[in-house]
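# Remarks on the overall topology
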Amino acid sequence: ASLALERNPIFPRAYLLRGIARFNLKEYRKASEDFLKGLKLSPKDQNLLYNLSIALLEDKQLDVAERTARELLSLDSKNKDAYRVLAQITLERKDTVATQLVIDTLLSLDAHYRPALLLQAQIASEQKNYPQALQTIDQIIAQGASEASTSIELYYATTKKICVEP
């Protein structure tokens with residue numbers, strides 16, 4: 001990505017790729033800077049907006065992350081990634097009522113959306129409503145999710161990370 005930027009500094013995708021690399025190195029501020037540079041060139045790029053919101057979330061800049069996710073929703077009101085970010089922000093703020101509202105919105109878009117169901121199970125578990133958590137997990141498994149992928153997603157859910165599907 002850096003070589004591409006040296007050759008052509010007005011290439012938004014290179015900023016996206018370098019930002020993702022920096023994010024993976026846990027350099028969230030530098031990743032955010034790259035995503036912002038890319039957005040200056042391509043202001044409505046949904047990949048840049050989504051990745052910026054995630055980097056801001058990881059950097060604990062929750063207000064800015066929320067504004068970014070809402071900007072993404074202004075471009076696509078059914079963007080499940082933006083709703084996942086909003087759900088994670090509300091979880092970070094320990095606002096389970098708001099999180100449940102976001103989950104309800106996600107499930108209205110797709111009743112079988114595993115990341116939303118996992119967040120729902122996480123909330124139930126945090127509220128010590130283990131029967132509800134188990135019922136939700138059983139629902140995920142019944143939908144045909146392999147036990148291996150569900151285990152991985154459960155790990156992310158219980159460590160309060162967003163479940164990003166490949």
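Keep in mind that what you see is a predicted model, and the values were worked out from it rather than measured. (Residues numbered from 1 in each chain as written. Predicted model: local features only at pLDDT ≥ 70, side-chain atom pairs only at ≥ 80, totals over all residues. Heavy atoms only, no water.)

## Re the overall build of the protein
To be explicit about the condition: Under the scheme used here, helices are H or I runs from DSSP no shorter than 4 residues and strands are E runs no shorter than 2 residues, and both carry numbers assigned from the N terminus. Here the term buried applies to any residue with accessible area under 20% of the maximum for its type, exposed to any over 50%, and partly exposed to those in between, with areas from a 1.4 Å probe on protein chains only. Whether two residues are in contact is decided by their heavy atoms, any of which lying within 4.5 Å being enough. Areas reported here follow the Shrake-Rupley algorithm with a probe of radius 1.4 Å; residue values treat only the protein chains shown as occluding.
Assigned secondary structure in the protein consists of 10 helices and zero strands. Reading the protein from its N end, one meets helices and strands in the order α-α-α-α-α-α-α-α-α-α. The buried share among the 166 residues of the protein stands at 42%. Nonlocal contacts in the protein, meaning residues at least 24 apart in sequence, comprise 46% of its contacts between residues at least 6 apart. Carbon and sulfur atoms form 54% of the exposed surface of the protein, whose accessible area is close to 9300 Å².

## A short note on helix H8 (residues 114-126)
Operational definition: Every helix has an expected span of 1.5 Å times one less than the residues it contains.
For H8, spanning 13 residues, the distance from its first C-alpha to its last is 18 Å, which sits close to the expected 18 Å at 1.5 Å a residue. Of all the 13 residues making up H8, 10 are buried; the element is thus mostly covered by neighbouring parts of the structure. Looking only at H8, the buried set comprises Pro115, Ala116, Leu117, Leu118, Leu119, Gln120, Ala121, Gln122, Ile123 and Ala124. The first or second residue beyond H8 is Lys128, which carries a positive phi of 60°.

## Quick notes on the pattern of salt bridges
For clarity, the cut-off: Salt bridges are defined as contacts in which a side-chain nitrogen from Lys or Arg sits within 4 Å of a carboxyl oxygen from Asp or Glu.
Per the stated rule, a full pass over the model turns up nine salt bridges. Here Glu66 makes a salt bridge to Arg93, at a shortest N to O gap of 2.7 Å. Linking Glu66 in helix H5 (residues 62-75) with Arg93 in the loop between helix H6 (80-92) and helix H7 (96-109), this pair joins segments that are 27 residues apart in sequence. Taken together, the shared-partner salt bridges in this structure form one network comprising Asp63, Glu66, Arg70 and Arg93.

## What to know about unusual backbone geometry
Phi angles above zero are rare outside glycine, and Lys26 is one such case at about 65°. Considering the arrangement of structural elements, one finds Lys26 in the loop between helix H2 (12-24) and helix H3 (28-41). Residue classification places Lys26 among the exposed positions, given a relative accessible area of 60%. Of note, Lys60 is a non-glycine position whose phi angle comes to about 65°, a positive value. For Lys60, the location among the structural elements is in the loop between helix H4 (46-58) and H5.

## Considerations on the confidence of the model for the protein
Rules: The quantity known as pLDDT measures the predictor's confidence residue by residue, on a range of 0 to 100.
Per-residue confidence for the protein averages 84 on the pLDDT scale, and 81% of its residues sit at or above 70. Ranking the elements of the protein by mean pLDDT puts helix H10 (residues 147-158) last with 50 and H5 first with 97. Here residues 158-166 scores under 50 on pLDDT; set against residues more than four positions off or in separate chains, the count is 23 contacts.

## A few points about the nonpolar core
Applicable threshold: The criterion is simple. A nonpolar core is a set of buried Ala, Val, Leu, Ile, Met, Phe, Trp, Tyr and Cys residues joined through side-chain atoms within 4.5 Å.
If you look at the biggest cluster of nonpolar residues, it comprises 35 residues, and the most contacted ones within it are Phe35, Tyr83, Val85, Leu86, Ile89, Ile103 and Ala116. The biggest single contributor to this core is H4, with eight residues. Discounting chain neighbours no more than four positions away, the residues touching Ile89 are Leu57, Leu62, Ala65 and Glu66.

## Thoughts on the packing of H6 against H8
When two helices pack together, their arrangement is given by the angle between the helix axes and by the axis-to-axis distance. Definition in use: In this description, a line fitted to the C-alpha atoms serves as the axis of each element, helices being fitted only across the stretch in contact, and the angle between N-to-C directions of two axes falls anywhere from 0 to 180 degrees. Under this scheme an angle from 65 to 115 degrees is roughly perpendicular, one under 35 degrees roughly parallel, and one over 145 degrees roughly antiparallel; angles in between are oblique. By convention, the crossing between two helices is left-handed when the near helix turns anticlockwise from the far helix through less than a right angle, and right-handed when the turn is clockwise. Side-chain classes follow a simple rule in which Ala, Val, Leu, Ile, Met, Phe, Trp, Tyr, Cys and Pro form the nonpolar group, Asp, Glu, Lys and Arg form the charged group, and the remainder, Gly included, forms the polar group.
Relative to each other, H6 and H8 sit at 10°, their axes nearing to 11 Å. Taken together, the axis directions place H6 and H8 in an arrangement best described as roughly parallel. The chirality of how H6 crosses H8 is left-handed. Along its contact with H6, which presents Arg84, Ala87, Gln88 and Leu91, the element H8 presents Pro115, Leu119, Gln122, Ile123 and Glu126. Residue composition of the contact of H6 with H8, by class: five nonpolar, two polar and two charged.

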